[in-house]
Amino acid sequence: MAHPREGWKSNGGLSRRQFLARAAVGAAAIPSMSAILAACTKPGATSTGTDTSAVGTGGYVVPGVPYPLARQDKPVTWAIPNDNQPIASGLQPETGATLQVYNWADYLFKAVAVSRFEQAFNCKVSITTFDTMDEALSKMLNQQIQADVFFPTIDTLGKLIGQKLLQPVNPSYVPNLAKTVWPLFQNPFYDQEARYTVPYVVYSTGILYRRTLSGLSDSDVRAMTNTWDLLWDPTYKGQVGIYSEYRDALAAALLRKGVTDLNTEDPAQIATAGDDLVALSKATKARDATNVAYQLFPHGALTVTQSWSGDAVGAWSYYPQYTMSNWSQGGYWFPQDRVGNVNSDCIAIPKIAKNPVLAHAFLNFMLDETNSADNFSWVGYQPPLNALDLSTLTTTEGYYSAQYKYGVPYVFPWMTDAIVTENDLTKTGRLEMELPPNVDKLYHDAWSRFLSGVGS
Amino acid sequence: MVQAVQSPREERRAARRRAKAQRKEHGAWYPRWYWPSFATPGTLYLLIFFVIPLYVVIALAFGTVDRYTNPIPVYQPWYWSGLYMSQVLNAAIGDNRFVYLRTFIYIITASVLCVGISYTVAYYITRFGQKRRGFYLALLVSPFFISYLMRMLAWNNLLASNGYINKILGWIPLAPHNVAWQTGNQLTIVLGLIYGYVPYMVLPLYGFLDRIQTSLLEAGKDLGASSVRTFFRVTLPLSKQAILAGIVIVTLPMFGDYYTHNLLGLSPATSMIGNLLDDAKGSGLGSDSRVASLCLVIMILMLLPMAYYLYSTNKELKER
């Protein structure tokens, strides 16, 4: 059966005459068109309509931002415009295709997402990685990357959907969404009715600490009046890591001062958080631990570091020697009242996907109970699966460990703080969401004070 | 005078004879565009890969953003906005002044030490290398056989708080113990810069020193100067150009260097101008324009040593 998208492809490519004709027109048209357009109007001065409903309804509407911002208490329903409809139901996945996956580094277990998927769907999977969401967004926008599957963070959905970079998901291809994941994700606040995304993993941002060498016992750490102070403690000078994700770093400073609104727009609170980070740099000479916490920590370069729960859980595979005494060095702390920085990542399909049916199949595949749990066993980031019994995570060996008989459970028994529950996301946890540009600038200004190493 | 009527064939023959005579007298004759045209590939290269991209960078630096905060380069100077450039310059005299100051100190210290190290090495090879010169030069180039990244990562293991350097220091009484090399230690970054760039300086220095004629040195000694005096009065002044060239070669990349800090430090206390550029990526509204503005600022900073080098070489040429 021919795929509907094949209609526009010509059968044998262009004839020479067609090619020359089109090339000539193209060559003549491109410079003159853009020159005329550029010279006539002042660049950037496009219509500044404030109607955001064309992109999405609900949410937090900010003047000048062409889409609503999602908040935990202000959910957004993204519109499905006429020119961006989901693919038709009932199509067969493209065969012999190469599925292009655009993702963070080390964020998919290749034995599952590549090998197993390739076998199941008779295709190739190729993973391209990005370092920052900004980099990913600009490459998607310039079409430098033609991905079939993309892993956005939930705070970028407005930009992605507003600029029609994503296509709506046709739920008929993703039956697992209704079956396997927490009810919250059938209708998440950042994408009501799960129109454009399916969930991937959930995580929290806490502290990874060395249990044995530094004399920090789990009970000590949990009993501290303010455990965030660990990151500011000069005792661990030269041994402290902080994520150079500006929001996460500032969130730690905000939470330390008892500010639980991680999207606060209060300039004083933001500035104080920035000053606190400068103080942290002075006191501990903290290092940037993004992307390396799970490597630096096992090698003994860090004693206390800010860490995503997934990095803490997955760090065991980075120890130089696989022994229980090594693994038991790393403990993870998250506020005991569970009021802290939590988040979830999602999977989406870019609008320009060449293999949209196969991409839908990939989404469904990653939501499968077995595949998802097996992926978790290597990635360390927990999927929001109903089937995953959170009380037995510390005693059940994961697929990756079982393959090599390492005897490592999904989560070590002393790392129960790293397990995320549905309650964390719906009730106690605080999610960093997209900020209005002028507020975002305040956060960046505060952060750049830390980065410049003021006074240190 | 009546010109003898020539057949066209004879005319052509005569013209060829004249041309031959001219070639004999003045060498081959070429049209005026002939020699300059040799510069065409270079000029085109410069135009396509430098001038035009530079204009795009300028257009981006003075550009604007759309409603989705995507950068829009502005190619018409009459629409330029100085907003992002002024943000960068304000930061430069604000919090980032520490970074600029730090970078200057690092670069000056590192290049002075680079000169010291490479001058002695190059001097030794030219004066005392004898038949083994080639071998010594090969040794000098040998670090390049291992990737820069590998060499820097290897330092990580040596400098780690539980690494070999601290272990060795631990055996030596009175030596500092448990040095935090990698967290906010300025010395580490300077050493990293020297380590990374010193070979680039030795090679040009060697090239220059090798060309100093020994007869000049002998003349100095014949006139009664001591070896030390000969060095300071003859060798050193003659190698001034080489030192300047070497400094230019090492300082230019140091201005944009961000990986030395990223690989050896990662604490904000040791970040350099190159890191500002790295950090400006994804710094919110107008980040691309700020990156472009910073690029221009760094370019202007780099023009300073370059301008001095050109000025002094020019002066030298005129004096000859």
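Given the structure is predicted, the values throughout are model-derived calculations rather than measurements.

A word on the overall build of chain A. The helix and strand tally for chain A stands at 16 helices and 12 strands. When burial is assessed residue by residue, chain A has 47% of its 456 residues classed as buried. The contacts of chain A with a sequence gap of at least 6 include a subset with a gap of at least 24, amounting to 73%.

A few words now on the packing of helix 4 (residues 97-128) of chain B against helix 8 (residues 186-211) of chain B. Residue and element names in this part refer to chain B. At a closest axis distance of 7 Å, the pairing of helix 4 and helix 8 adopts a crossing angle of 40°. Classified by the interaxial angle, the pair formed by helix 4 and helix 8 is oblique. Crossing handedness for the pair helix 4 and helix 8: right-handed. Looking at the contact of helix 4 with helix 8 residue by residue, the class counts come to 22 nonpolar, 3 polar and 1 charged.

This part is about the pairing of strand 3 (residues 98-104) of chain A. Residue and element names in this part refer to chain A. The buried fraction of strand 3 amounts to 5 of the 7 residues, a majority that puts the element mostly inside the structure. Sheet topology places strand 3 next to strand 4 (residues 124-130); 7 bridges connect them, and they run parallel. Bridging from a neighbouring strand, Q100 pairs with S126 of strand 4. Looking at chain direction, strand 3 and strand 5 (residues 149-150) are connected through 2 bridges and run parallel. Following the sheet pairing, V101 is matched in strand 5 by V149.

Residues and elements named next belong to chain A. Mapped onto the elements of the fold, P356 is located in helix 12 (residues 356-366). Residue class for P356 comes out buried when judged on the 26 C-beta atoms lying within 10 Å of it. Put simply, P356 and T392 are 36 residues apart on the chain and 37 Å apart in space, counted from C-alpha to C-alpha. Those residues in contact with P356 that sit more than four places away from it in its chain are I87, Q167 and I349.

On to the packing of helix 13 (residues 273-280) of chain B against helix 14 (residues 287-319) of chain B. Residue and element names in this part refer to chain B. At their nearest, the axes of helix 13 and helix 14 sit 8 Å apart, and the two run at 165° to each other. One finds that helix 13 runs roughly antiparallel with respect to helix 14. Regarding helix 13 and helix 14, the two cross each other, and that crossing is left-handed. Each of I273, L276, L277 and A280 in helix 13 lies in contact with helix 14, whose residues at this interface are S287, R290, V291, L294, C295 and I298. Counted by class, the contact of helix 13 with helix 14 contains 8 nonpolar, 1 polar and 1 charged residues.

All names here are of chain B. Looking at the element boundaries, A175 is found in the loop between helix 7 (164-171) and helix 8. On the basis of neighbour counts, which here come to 11 C-beta atoms within 10 Å, the residue A175 falls in the exposed class. When the C-alpha atoms of A175 and Q241 are compared, they prove to be 40 Å apart, with 66 residues separating the residues in sequence.

Any region with low pLDDT has predicted coordinates that should not be read closely. Of the residues in chain A, 88% have a pLDDT of 70 or more, and the chain-wide mean is 87. Every residue in residues 1-37 of chain A is under pLDDT 50, and counting partners more than four places away or in other chains gives 5 contacts.

At the interface, 34 residues of chain B touch 35 residues of chain A. Counting residues per element, the ones that place at least two in the side of chain B that touches chain A are strand 1 (64-65) and helix 4 of chain B. Within the side of chain B that touches chain A, the residues separate by chemical class into 15 nonpolar, 14 polar and 5 charged.

In this section: unusual backbone geometry. All names here are of chain A. Residues other than glycine seldom take positive phi values, yet A194 does so here, at roughly 50°. In this structure, A194 sits in the loop between helix 5 (176-180) and strand 7 (197-210). Judged by C-beta crowding, with 21 C-beta atoms within 10 Å, A194 ranks as buried.

What follows is about the nonpolar core. Residues A:V149, A:L231, A:L250, A:I347, A:F362 and A:L363 are the most contacted members of the largest nonpolar core, which totals 129 residues. If we ignore the near neighbours within four places in the chain, the residues touching A:L250 are A:A273, A:L277, A:Y443, A:A446 and A:W447. Judged by nonpolar contacts, the second largest core, of 43 residues, contains B:Y106, B:Y197, B:I247 and B:L276.

Let us look at the confidence of the model for chain B. Residue and element names in this part refer to chain B. When pLDDT is averaged along chain B, the result is 88, and 98% of the positions lie at 70 or above. Confidence, read as mean pLDDT per element, is least for helix 1 (residues 8-26) in chain B (81) and greatest for helix 2 (residues 40-61) (95). Predicted complex, confidence summary: ipTM 0.78, pTM 0.83.

As a further point, take helix 16 (residues 437-451) of chain A. End to end, helix 16 of chain A covers 20 Å across 15 residues, agreeing with the expected 21 Å (1.5 Å per residue, within 8%). Of the surrounding secondary structure, the elements contacted by the buried residues of helix 16 of chain A are helix 7 (246-256) and helix 8 (267-284) of chain A together with helix 3 (83-93) and helix 13 of chain B.

Conventions we followed
Residues numbered from 1 in each chain as written. Chains lettered and ligands numbered in written order. Predicted model: local features only at pLDDT ≥ 70, side-chain atom pairs only at ≥ 80, totals over all residues. Helix = DSSP H or I, 4+ residues; strand = E, 2+ residues; numbered from the N terminus. Buried ≥ 20, exposed ≤ 12 C-beta atoms within 10 Å, placed from the backbone. Contact = placed C-beta atoms within 7 Å. Axes fitted to C-alpha atoms, helices over the stretch in contact; angles between N-to-C directions. Parallel < 35°, antiparallel > 145°, perpendicular 65-115°, else oblique. Left-handed = near helix turned anticlockwise from the far one by under 90°. Nonpolar A, V, L, I, M, F, W, Y, C, P; charged D, E, K, R; others polar. Pairing = 2+ DSSP bridges. pLDDT = per-residue confidence, 0-100. Core = buried A, V, L, I, M, F, W, Y, C linked by C-beta atoms within 7 Å. Expected span 1.5 Å × (residues − 1).

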